[in-house]
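Architecture and fold: a report
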Amino acid sequence: MKLSEIVLLAGLAVFSGVLLISSLDMPYGSEQSFGPGYIPLNIALVILGLIGILAVKAFMAGRKPGADGSAVIEDLSSALPVAAVIVLLAGAIYAMSWGSILAPLGLLMIILSWRFNGHGFVKSCLVSAAILAVIYTIFSLWLKIPLQ
Amino acid sequence: MDALTQLAGGFSEVLTVYNILLIFLAGMIGTVVGALPGLGPSAGIALMLPLTFGMPHASGLCLLTGVYMGTMYGGRITSILINTPGDAPAIITAMEGYPMMLRGQGGLALGLSAFSSFIGGFFGLAVLIFFAPVVSSYAIYLGAPEYFLLMLLGLSTIVLLAGDNMVKALLMACVGVLVSTFGSDYISGHIRFAFTPELIEGIDFVAIIIGLYGLGEVFYNLEKRVRIDLGKPSFNIREYIPPAYAIKESGGATVRGSILGTVIGILPGAGATVATFLEYALERRISRKPEEFGKGAIAGLAGPEASNNASVPGSLIPLITLGIPGSGGTAIMLGALIMFGMQPGPLLMIKSGDVVWAMIAGLVLANIFLLFSNVLLIPVFVNLLRSVQGHLASVVIALCVVGAFSLAYSTFNIWVALVFGVLGYLMKKADYPTGPFILAVVLAPLAENYFRQSIMLGQGDWAIFIDRPISLGIIIAMVVLGGLGMATKRFMKRREPAARA
């Protein structure tokens, strides 16, 4: 099993586990119909069951002769740029909560073009500024969406 | 003949220079708004509503319906070019159109979808003109059990979107159902999983698709260091007009999609979504090359596109004849009708028939204008993309961030998009299908509500699903179709070795 699949399944298991526990506080049903807790509780249980099936399948496949565990390491090294962009985007969104949407977004676009797409710094700045100007014209000036 | 006479009356009112210009502009504005991630028909109509104050009623309604139709055309542009669908029906467009774009056939995909949209829209309009009262008189016999079964039928297409691993597809469909349970429960009023105040209204579906498809694709391409080569900007119109083989290949699918889109588009709630997914499932089922689906199949793109646009006039049928809005867009249209002093409902066609027929005539004109304007706009959009292809990651992230922000003017939906972007990236890496997940997110809340309403109607008795003739008919149809599908699959499997020999 690849690292990405382990992370995905672990995340989904935590997600459904939290909702399963939360749904225990909701009415499950009455004689006339089902309550708001019926679907989340049952579906969360099914999800945990399906994750279990996939994990067991992967475990059994891993025990077969000739199974290779190197995919996990390879996966991790190639995912580093993505993790960096996710962290940068999260930082930009946090900065947006202070007021301006366009300033952190512009900075993020420049870094993406410059450091991740391999363009020169000046070109990255100019292209990002041009794209932001178009976005500002459409969303803010025309559609009156308060981007700032 | 009566319908044609009234339509001619509608045209006589609409065919003025002012109205023609208005409809043309409405279509163009709708196309641009529909192409922006996060903005769909509701936003487009809501934006134009203030402009209709003081306009003649017919002109105002032509403006609004023109924008509505235009957003449906525009929605496919970002789906095909940057894999960011703006609404649920456009997801199939992204699934088949984006791989075509990656093959350097973005112009062809856009041209093909414009033609299919035109045919679908026209078919839906013909049904609206000739059969609206008949269709709506049958629609009122559908209750919660029938709607639940229809939603179930839509959800059953998960089997076809599953790919190779059914367990993975089922898992993702269940996760979609769980995600859809956030927020207020409409039956009991109970608020589920509101960990933050923004979650009281649930998770915005558009933020989910912006993240899952738009951001997810960017993250995946960054890791794989994908360099999209779309060539240099070119205005050779041949590149954008579908060739004869593509039209031939898409012809049957377009007709089937048009019929399905019109019939199912009438259903309130998720008519267009169910129609596009069912049409996609149908095309894949009957195709001689099902392995091409998901990799840029022409029939897989054309059929659902026709369904999507056929559902626009379809969704207007219950609005005009019964006063029931089936979507966010038609709900705003309902508000506009009331604002103009009209009385939506069965008496609308009697009391304000002239205005309604003028609006329908305006829709016919808008559909024709939209075909031409969209074909002409394709080179503009494709060349815009070509000119920024080296910076595509930052362009898509910028559009996704601004699109998610514009849903509620808060950063919360950008966080939601980021979370689902990471989920989309992990799903793509680990080869988990997104189709079942997104279909469940759209249809599960409706299915849950109709299911619980049905059980309440039956006072806890499940027999309500077989006691009612229409719901029993739907169940029989589902069983027959399922049985036929399995029999065909077995027959084809038996024939394969024989054919190879």
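So, how was this worked out
- Residues numbered from 1 in each chain as written.
- Chains lettered and ligands numbered in written order.
- Predicted model: local features only at pLDDT ≥ 70, side-chain atom pairs only at ≥ 80, totals over all residues.
- Heavy atoms only, no water.
- Helix = DSSP H or I, 4+ residues; strand = E, 2+ residues; numbered from the N terminus.
- Buried < 20%, exposed > 50% of the residue type's maximum accessible area, 1.4 Å probe, protein only.
- Contact = heavy atoms within 4.5 Å.
- Areas by Shrake-Rupley, 256 points an atom, 1.4 Å probe, with all protein chains shown as cover.
- Buried area = accessible area lost by both parts, 1.4 Å probe.
- Salt bridge = Lys/Arg side-chain N within 4 Å of Asp/Glu carboxyl O.
- Nonpolar A, V, L, I, M, F, W, Y, C, P; charged D, E, K, R; others polar.
- Axes fitted to C-alpha atoms, helices over the stretch in contact; angles between N-to-C directions.
- Parallel < 35°, antiparallel > 145°, perpendicular 65-115°, else oblique.
- Left-handed = near helix turned anticlockwise from the far one by under 90°.
- Expected span 1.5 Å × (residues − 1).
- Phe/Tyr/Trp six-rings, centres within 6.5 Å; stacked < 30°, edge-to-face > 60°.
- Lys NZ or Arg CZ within 6 Å of the ring centre and 35° of its normal.
- Polar contact = N/O pair within 3.5 Å; in protein donor to acceptor, adjacent residues only side chain to side chain.
- Domains from an automatic or database assignment.
- pLDDT = per-residue confidence, 0-100.
- Core = buried A, V, L, I, M, F, W, Y, C linked by side-chain atoms within 4.5 Å.

1. As for the overall build of chain B
- Within chain B, the secondary structure is distributed over 21 helices and two strands.
- Here chain B holds 501 residues, and 61% of them are scored as buried.
- Residue pairs at least 24 apart in sequence account for 79% of intrachain contacts in chain B once pairs closer than 6 positions are excluded.
- Split by element, the accessible area of chain B, about 19300 Å² in all, is 67% carbon and sulfur.

2. Some remarks on the interface of chain B and chain A
- Of the residues lining the interface, 64 residues belong to chain B; the matching set on chain A comes to 67 residues.
- Interface area, chain B with chain A, both sides summed: about 5800 Å², of which 81% is carbon and sulfur.
- Our count for the chain B to chain A interface comes out at zero salt bridges.
- Residues of the side of chain B that touches chain A, tallied by class, amount to 44 nonpolar, 11 polar and nine charged.

3. Concerning the packing of helix H4 (residues 102-116) of chain A against helix H17 (residues 392-408) of chain B
- Two elements in contact, H4(A) and H17(B), have axes whose closest approach is 9 Å; the angle formed by their N-to-C orientations is 160°. By the angle class used here, H4(A) and H17(B) are roughly antiparallel. Judged by the twist between their axes, the crossing of H4(A) over H17(B) is right-handed. Taking contact as the criterion, the partners of A:Leu105, A:Leu108, A:Met109, A:Leu112 and A:Ser113 in H4(A) are, on H17(B), B:Ala393, B:Ser394, B:Ile397, B:Ala398, B:Val401 and B:Val402.

4. So, helix H5 (residues 121-142) of chain A
- Helix length check: H5(A), at 22 residues, gives a terminal C-alpha distance of 30 Å against a target of 32 Å (1.5 Å per residue), a fit within 8%.
- Once H5(A) ends, the next one or two residues include A:Lys144, with phi positive near 60°.

5. Re the packing of aromatic side chains
- Per the stated rule, a full pass over the model turns up 21 aromatic pairs over all chains.
- Ring centres of B:Phe148 and B:Phe451 lie 5.1 Å apart, and the angle between their planes is 40°; this geometry places the pair in the tilted category. With B:Phe148 in helix H7 (residues 144-155) and B:Phe451 in helix H19 (residues 435-457), the pair connects residues that are 303 residues apart, well separated along the chain.
- Taken together, a centroid distance of 6.4 Å and an interplanar angle of 10° make the contact between B:Phe451 and B:Phe465 stacked. On the criterion of sequence distance, the pair formed by B:Phe451 in helix H19 and B:Phe465 in helix H20 (residues 464-467) is long-range, its members being 14 residues apart. In this structure, B:Phe451 and B:Phe465 share a single accessibility class: buried.
- One aromatic cluster is present, formed by A:Tyr28, A:Phe34, A:Tyr38, B:Phe148, B:Phe451, B:Trp462 and B:Phe465 through successive ring pairs.
- In this structure, A:Arg115 is placed above the aromatic ring of A:Trp114, and the distance from its NZ or CZ to the ring centre is 5.1 Å.

6. Side note on helix H9 (residues 166-180) of chain B
Residues and elements named next belong to chain B.
- The end-to-end C-alpha distance of H9 is 21 Å, a good match for the 21 Å that 15 residues give at a rise of 1.5 Å each.
- Most of H9 sits out of view: 13 of its 15 residues are buried.
- Where H9 begins, the side chain of Asn165 points an oxygen toward the backbone nitrogen of Val167, at a separation of 3.1 Å.

7. Quick look at the domain arrangement of chain A
- Along its sequence, chain A is organised into domain 1 (1-67) and domain 2 (68-148).
- Here the C-alpha centroids of domain 1 of chain A and domain 2 of chain A sit 33 Å apart.

8. As for the pattern of salt bridges
Residue and element names in this part refer to chain B.
- Going through the model one piece at a time under the given rule, you end up with seven salt bridges over all chains.
- Between Glu146 and Arg468 there is a salt bridge, with the nearest N and O atoms lying 2.9 Å from each other. Placement of the pair is Glu146 in helix H7 and Arg468 in the loop between H20 and helix H21 (469-500), with a sequence separation of 322 residues.

9. Here we look at the side chain of B:Asn367
- Along the polypeptide, B:Asn367 turns up in helix H16 (residues 353-387).
- Given the relative accessible area of 0%, B:Asn367 is considered buried.

10. Thoughts on the confidence of the model for chain B
- On average, residues of chain B score 82 in pLDDT, and 89% of them are at 70 or above.
- When mean pLDDT is taken per element in chain B, helix H18 (residues 412-429) of chain B scores highest with 94 and helix H8 (residues 158-161) of chain B scores lowest with 70.

11. A short note on the nonpolar core
- With 151 residues, the main nonpolar core has A:Phe139, B:Leu171, B:Phe437 and B:Ile438 as its most contacted residues.
- Counting residues per element, this core draws most heavily on helix H10 (residues 205-224) of chain B, at 13 residues.
- Two domains share this core, each providing at least three of its residues, namely domain 1 (1-67) and domain 2 (68-148) of chain A.
- If sequence neighbours within four positions are ignored, B:Phe437 has contacts with B:Met172, B:Ala173, B:Val175, B:Gly176, B:Val179, B:Ile208, B:Leu212, B:Phe420, B:Leu423 and B:Met427.
- Grouped together as the second largest cluster of nonpolar side chains are 54 residues, B:Leu7, B:Cys62, B:Leu337 and B:Val375 included.

12. Focus on the environment of B:Gly345
Residues and elements named next belong to chain B.
- Its location among the elements puts Gly345 in the loop between helix H14 (328-339) and helix H15 (348-351).
- Of the residues examined, Gly345 reaches a relative accessible area of 3% and is grouped as buried.
- Here the alpha-carbon distance between Gly345 and Gly54, two residues 291 residues apart in the chain, equals 24 Å.

13. Section: the confidence of the model for chain A
- Of all residues in chain A, 93% have pLDDT values of 70 or greater, and the mean over the chain is 88.
- Within chain A, helix H1 (residues 3-23) of chain A carries the highest mean pLDDT (94), whereas helix H3 (residues 71-96) of chain A carries the lowest (85).

14. So, unusual backbone geometry
Residue and element names in this part refer to chain B.
- For Tyr409, which is not glycine, the phi dihedral falls at a positive 55°.
- Among the structural elements, Tyr409 can be located in the loop between H17 and H18.
- Judged by its relative accessible area of 44%, Tyr409 falls in the partly exposed class.

15. Concerning the side chain of A:Ser128
- Checked against the element boundaries, A:Ser128 lands in helix H5.
- Every residue in contact with A:Ser128, bar those within four places of it in the chain, is listed here: A:Gly106, A:Met109, A:Ile110 and A:Ser113.

16. A few points about the packing of helix H4 (residues 57-82) of chain B against helix H5 (residues 90-102) of chain B
Residues and elements named next belong to chain B.
- Direction vectors running N to C along H4 and H5 enclose 40°, while the axes themselves pass 6 Å from each other. With respect to each other, H4 and H5 are oriented oblique. Of the two elements, H4 crosses H5, and the hand of that crossing is right-handed. Contacts between H4 and H5 involve Gly75, Arg76, Ser79, Ile80, Leu81 and Ile82 from the former and Ala90, Thr93, Ala94, Gly97, Tyr98 and Met101 from the latter.

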